[in-house]
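Chains, contacts and geometry: an overview
Each chain is listed here by its residues.
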Amino acid sequence: MINPLRGMKDLTFEESHRFNFIVETASTIAKRYGYGYIETPILEETALFKRSVGDSSDIVSKEMYQFEDKGGNDVCMRPEGTAGVVRSFVHAKLDRQPMKQKFYYYGPMFRYERPQKGRLREFHQFGCESFGEASVYEDFTIIIMISQIFEALGIGFDLQINSLGCPTCMPPYKQNLVGFLTEIKEELCEDCNRRIGTNPIRVLDCKNKTCQSLLVNSPKLINNLCDECDTDFKKLTQLLDNAGISYEVDTNLVRGLDYYSKTAFEFVSNDIGSQSAIAGGGRYDKLVEFLDGKPTPAVGFAIGIERIMELVKMPEATREGIYLGAMTEDAVEKLFAIATQKRKETKVTVEYNAKGFKSHMKGADKVNARYAVLIGEDELKNGTVWVKDLESKEEKTITVEAF
RNA sequence: GUGGACGUAGUUCAGUUGGUAGAGCACCUGUUUGUGGCACAGGUUGUCGCGGGUUCGAGCCCCGUCGUCCACCCCA
């Protein structure tokens, strides 16, 4: 028997149903906010992610499915969705269009990690990217949209927000932080010491308790923002307050992808184990030009579909369609014409084996059909069918034509 | 990449100090040649993950391997 690869999962029955429900619900809401569907390739040039997500991130440095294709190109399976959408945006020269552009997507992402609860090697994200809107109103609107999606799915969450600053205020802050960290480096963990050189901001969300206690007095970016970033962040909190969305400012919230600036947010659930982030995103105003487009402000997010699978409250399944069965061999082939006709408008299940009445009733029940339609000896003789509404329990015998 | 737990029927699991497998659910049949969800009775289903070792004998003990799960890490 050939098994799926490690960290890859088949979705069937209940689960695939759930998956579709999540995607449909999120898509419906995204469209209401003006987002249009975009699909980009799963395979991309490796350089795309090195430049956008960043070489120093774990994702790029050790988790990518990367290989040389038969043409000698250095390619990889996308580890996240934003980079591909931005590449596509620039490639289609949409950066030269005066209008704002909004896209939503969903699909598989690949990261070579050790699987655990809420973490697969092939996982799925639903995401949105909004281009050309610099206003913090858009950041706010996106957060509202995500909360509406979660509300529609029946999922509770905590919202954490932070500002990562911009090219004006981030570099001086970073220098300041490196200075602080260098003084206490003896006491910091091994990983943090490495991060001081590669990506000092990441030290802030180190899980090590000793590190965290040492960081209590570290300089906070939130207190060192430039005027514009500071004004925007205050505006965002004010908008959220007015909208009645509760949130927590987490000064240690750092996105793992290098392209984020200004607003960063994460939706978290306490009910799903240690992989608690169910959605994350923020602003990435520099990414478009970083990928050779004209400077275009942008903001986006992604929801981890697997992370919310078991949290989703599905609407109750209702009886649907028709179950067709015959009680004598001769009647079986009478079913097909009826089935073909009825399939123009509804779901039809045809049982190919002639069997007893009770057995058919059970079968109709099992597929959750609304109507049980059976042909027995009498019906075959008279050119009729026996129809029962399994919900109202009403039954009747009518001609095939009338049915 | 690190650590821990676990791999037995379609599924969830039991299996005593080592003596060649069992239950619930599911499925099929019947009670009921025409009234579903319920009940009762009967029945089908196993490379005990794989490979080696110890032993008269291994589901059980030992080694290896693959896989799953959980945590670290990472992140959606």
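What you see is a predicted model; the values in this text were computed from it and never measured.

Attention now moves to the overall build of chain A. A tally of helices and strands in chain A yields 15 helices and 16 strands. At 28 Å, chain A has a C-alpha radius of gyration far larger than the 22 Å of a compact globule built from 403 residues. If you line up chain A on its principal axes, its C-alpha atoms span 95 × 50 × 45 Å. Counting all 403 residues of chain A, 50% fall into the buried class. Sequence separation of at least 24 residues holds for 69% of the intrachain contacts in chain A that already meet a minimum separation of 6. Taking the 52 positively charged and 60 negatively charged side chains of chain A as two groups, their mean positions are separated by 1 Å.

Of all hydrophobic cores here, the largest spans 68 residues; its most connected members are Phe126, Met145, Phe150, Leu181, Phe265, Phe267 and Phe301. Counting residues per element, this core draws most heavily on helix α5 (residues 136-152), at 9 residues. One finds Leu48, Phe49, Val86 and Leu94 within the second-largest nonpolar core, a separate group that totals 31 residues.

What follows concerns the protein's contact with RNA strand B. Near RNA strand B lie 43 residues; those nearest to it are Arg195, Arg202, Arg319, Lys366 and Glu395. Within 4 Å of the protein, the contacting atoms of RNA strand B are drawn from sugar and phosphate to the extent of 50%. In the environment of RNA strand B, a phosphate oxygen lies 3.0 Å from a nitrogen or oxygen atom belonging to the side chain of Gln116. One of the side-chain nitrogen or oxygen atoms of Glu379 is found 2.7 Å away from a base nitrogen of RNA strand B. Looking at the surface near RNA strand B, the elements that each hand over two or more residues are α3 (58-62), β6 (122-131), β10 (277-283), β11 (298-304), α14 (357-366), α15 (377-382) and β15 (384-389). Taken together, the residues of the surface near RNA strand B break down into 11 nonpolar, 10 polar and 22 charged.

With that settled, consider the pairing of strand β16 (residues 395-399). Where β15 meets β16, 5 bridges bridge the pair, whose relative direction is antiparallel. Residue pairing across strands places Val387 opposite Lys396, the latter belonging to β16. As consecutive antiparallel partners, β15 and β16 are separated by 5 residues, and within that stretch Lys393 has a phi angle of approximately 70°, a positive value.

So, on to unusual backbone geometry. A positive phi angle, close to 60°, is found at Lys93, a residue other than glycine. Secondary-structure assignment places Lys93 in the loop between α4 (82-91) and β5 (101-110). Its identity is not glycine, yet Asp292 carries a phi of approximately 75°, on the positive side. Mapped onto the elements, Asp292 comes out in the loop between α10 (287-290) and β11.

So, about the packing of aromatic side chains. Per the counting criterion, the structure on display carries 15 aromatic pairs. Between Phe89 and Phe131, the aromatic rings sit 4.0 Å apart at their centres with planes inclined by 15°, giving stacked as the arrangement. Separated by 42 residues along the polypeptide, Phe89 in helix α4 and Phe131 in strand β6 bring together distant segments of the chain. Taken together, the ring pairs in this structure connect Phe89, Phe103, Phe131, Tyr260 and Tyr284 into an aromatic cluster. The ring of Phe403 carries Lys342 above its face, with NZ or CZ at 4.4 Å from the centroid.

Before going further, it helps to examine a negative patch on the surface. Residues Glu329, Asp330, Glu377 and Asp378 make up a contiguous surface patch of negative charge. Only α12 (329-332) and α15 provide two or more residues apiece to the negative patch. Classification of Glu329 by relative accessible area gives exposed; the value is 58%.

Conventions used here
Residues numbered from 1 in each chain as written. Chains lettered and ligands numbered in written order. Predicted model: local features only at pLDDT ≥ 70, side-chain atom pairs only at ≥ 80, totals over all residues. Heavy atoms only, no water. Helix = DSSP H or I, 4+ residues; strand = E, 2+ residues; numbered from the N terminus. Rg over C-alpha atoms; globule rule 2.2 N^0.38 Å. Buried < 20%, exposed > 50% of the residue type's maximum accessible area, 1.4 Å probe, protein only. Contact = heavy atoms within 4.5 Å. Lys, Arg positive; Asp, Glu negative; His and termini not counted. Charge placed at Lys NZ, Arg CZ, Asp CG, Glu CD. Core = buried A, V, L, I, M, F, W, Y, C linked by side-chain atoms within 4.5 Å. Near = heavy atom within 4 Å. Polar contact = N/O pair within 3.5 Å; in protein donor to acceptor, adjacent residues only side chain to side chain. Nonpolar A, V, L, I, M, F, W, Y, C, P; charged D, E, K, R; others polar. Pairing = 2+ DSSP bridges. Phe/Tyr/Trp six-rings, centres within 6.5 Å; stacked < 30°, edge-to-face > 60°. Lys NZ or Arg CZ within 6 Å of the ring centre and 35° of its normal. Patch = residues over 30% accessible without salt bridge, like charges linked within 9 Å, V, L, I, M, F, W, Y side chains within 5 Å. Areas by Shrake-Rupley, 256 points an atom, 1.4 Å probe, with all protein chains shown as cover. Salt bridge = Lys/Arg side-chain N within 4 Å of Asp/Glu carboxyl O.

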